[in-house]
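What follows is the residue order along each chain.
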Amino acid sequence: MNPAQDLPLKNTKGSRTRLPPGPKGHPILGVMPEFNRDSLSFIMRCRDYGDVVRARFLYVPAYFIYHPAHIEEILSTNARNFRKSMSLRSNFFHRLVGNGLVTSEGDFWRRQRRLAQPAFHRQRISSYGEVMVDYAQRTIDKWRPGEIRDIHPDMMRLTLEIVVKTLFDADVSGDADRVGRILSELVKPFASQATLKWILDNRLPTPAHRRFHRAVGEIDQVIYRIIAERRSSGYDQGDLLSMLLQAHDDDGSQMTDSQLRDEVMTLFLAGHETTALALSWGWYLLATHPEAEKRFHAELDEVWAGRLPEVSDLPRLLYTEMVVKETLRLYPPAYAVGREPIDECEIGGYRVPRNTQIFAFQWATHRDPRYYDYPEAFNPDRWTAQFSEKLPRYAYFPFGGGPRQCIGNYFAMMEIVLLLATIGQRFKFSLAPDAVVSVWPAIALRPKEGIRMVVSER
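None of these values were measured; they are calculated from a predicted model.

Q: Go over the side chain of Glu326 with me, naming the residues and quoting the values.
A: One can find Glu326 in helix α16 (residues 318-330). The class for Glu326 is buried, based on a relative accessible area of 0%. In this structure the side chain of Glu326 is engaged in a polar contact, spanning 2.8 Å, whose partner is the backbone nitrogen of Asn379. The contacts of Glu326, once residues within four sequence positions are left out, are Ala377, Phe378, Asn379, Pro380, Arg382 and Trp383.

Now the structure itself:
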């Protein structure tokens, strides 16, 4: 039995014919004004209505679900009855990632996942550890003690260089800033997912739309050129693109250039920005919790004693892994998962009509006091083996779950731990005196004003 089933479920008794409770909102706009004003606070307030909450964005009904058992139902046990949410099917998002693993559905998704899976085999991914350590060393060689740096763009640049090297076996150090700026522009239209642009699927040729399409076109040129060069050479360079190019389905078919482009763009975004965010929030949490930072540094000194990190040492970095898990609990880069039922179904005793938008929020469930003592506190020590075993499966889901769990979750965890360890060997950080740090939920949880840190040599 799933242990989540043994935990208290709210507002389910006698509710099969009723709508879930929830905020009334504006007569026309629904909850859109409240959601846009402060999304994360609104999500937390809605939890007070129960485990299944009904809201409305303009004319679109939405259910917010908060209990692990219900989250497991939409992501795992009944996953075939749910497709991606309306926001991920918008023109904007589809132009960006096309029909990649994040957005594709049904048999096409299953084929793409099957073709892509070998590229993410643990042994293959582990071979990239040396690249990660090398690029981290290059980055921190340019830092000077006493300087103030915004750690977020630093981590964005570092993870971009790593993903391009491991994806294309290419060194983009000289172009990383330009590519990073383009990618930053690409995510701006998604700053708020409850706007009329999303709800109405706006197709008007506004200046913002034209800028977005131009930026995607620039990235497309780079990706298609690399794919063409690699196809013509036929050489396996040991990178992820080589694996994707070589992948054959049972009938001998391979990915087309368009399919390759979509998967590459998906990996570009998922393999660089989310990891950079986890690292940025990790440094912020360590800098503001001195005791945890001391234990982190002590473990690094014990494991490596001054030598460079290696993948084979990862099992010994127990506390560092706990720091990462707690960072992903408090600041999960993907703070929400959206689904839409294909056929009418039932969740928590409530009828869910077709086309209802269903959202599960890592931000809220990861902070639920039913599963976490002092849920707002940064406490890596909570992640003991005993705690993890007792925790309901979907009380913690930073990489999603079920058949559509992030294909790169092992890559991401290995990279976050290795980069924290490599940088933490030489430097520690403290918040700049005038630093202002706040969370901006725009697809992922970004630091709105950056994270300005004073760099100190250990």
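After presenting the structure, the write-up continues.
Q: Just give me the short version of the sheet that holds strand β9 (residues 427-431), but keep the residues and values in it.
A: Spatially, three strands are ordered β4-β12-β9 in an open sheet, and the strand pairing comes out antiparallel. Among the strands making up the open sheet, the edge pair consists of β4 (148-150) and β9. Between one strand axis and the next, the sheet turns by 45 degrees as a mean value, whatever way the strands run. Note: β9 against strand β12 (residues 452-457), five bridges, orientation antiparallel. Paired with Lys428 across the two strands is Ser456, which belongs to β12. Most of the contacts of helix α8 (residues 151-168) go to β4, to which it runs at about 60 degrees, and overall it touches β4, β9 and β12. Each of β9 and β12 is contacted by helix α14 (residues 273-287), which is oriented at about 75 degrees to β9, the strand it contacts most.

Q: I'd like a description of the pairing of strand β5 (residues 337-341), backed by residues and values.
A: Burial analysis of β5 places five of its five residues in the buried class, which makes it a mostly covered element. The alternating pattern of β5 places Val337, Arg339 and Pro341 on one face and Gly338 and Glu340 on the opposite face, and all of these are buried. With three bridges joining them, strand β3 (residues 82-84) and β5 adopt antiparallel strand pairing. Residue pairing in the sheet places Arg83 in a bridge with Glu340 of β5. Judged from the three bridges that link them, β5 and strand β8 (residues 357-360) form a sheet pairing that is antiparallel. The partner of Arg339 across the bridge, within β8, is Ile358.

Q: Give a detailed account of the pattern of salt bridges, specifying residues and quantitative values.
A: For the structure on display, the rule yields 28 salt bridges. Between Glu72 and Arg393 there is a salt bridge, with its nearest N and O atoms 3.0 Å apart. With Glu72 in helix α3 (residues 68-77) and Arg393 in the loop between α18 (385-390) and α19 (409-426), this residue pair connects regions lying 321 residues apart in the sequence. Residue classification places Arg393 among the exposed positions, given a relative accessible area of 54%. The residue Asp381 makes a salt bridge to Arg295 at a minimum N-O spacing of 2.5 Å. Taken together, the positions of Asp381 in the loop between α17 (362-365) and α18 and Arg295 in helix α15 (residues 290-304) put the pair 86 residues apart, joining distant regions of the chain. Here the salt bridges share partners, and the residues they tie into one network are Asp51, Asp368 and Arg370.

What counts and how
- All residue numbers refer to position in the chain's written sequence, counted from 1.
- Per-residue local features are limited, in this predicted model, to residues with pLDDT of at least 70; the limit for side-chain atom pairs, both in listing and counting, is 80 or more; totals at the level of whole chains, interfaces and linings are taken over all residues.
- The basis for the side-chain values is all heavy atoms of the structure; hydrogens and waters are excluded.
- The helix count covers DSSP runs of H or I at least four residues long, the strand count covers runs of E at least two residues long, and both are numbered beginning at the N terminus.
- When accessible area is computed with a 1.4 Å probe and restricted to protein chains, residues below 20% of their type maximum are described as buried, those above 50% as exposed, and intermediate ones as partly exposed.
- Counting of polar contacts relies on pairs of N or O atoms within 3.5 Å, with two restrictions inside protein: one atom must be capable of donating a hydrogen and the other of accepting it, and residues adjacent in sequence are counted only when both atoms are side-chain atoms.
- Contacts are assigned to residue pairs with any non-hydrogen atoms lying within 4.5 Å of each other.
- If DSSP finds at least two bridges between two strands, the strands pair.
- Each axis is a line fitted through C-alpha atoms, taken for helices only over the stretch in contact, and angles between the N-to-C directions span 0 to 180 degrees.
- Note on definitions: salt bridges are taken to be side-chain nitrogens of Lys or Arg within 4 Å of carboxyl oxygens of Asp or Glu.

Any functional reading would require information that these geometric values do not contain.
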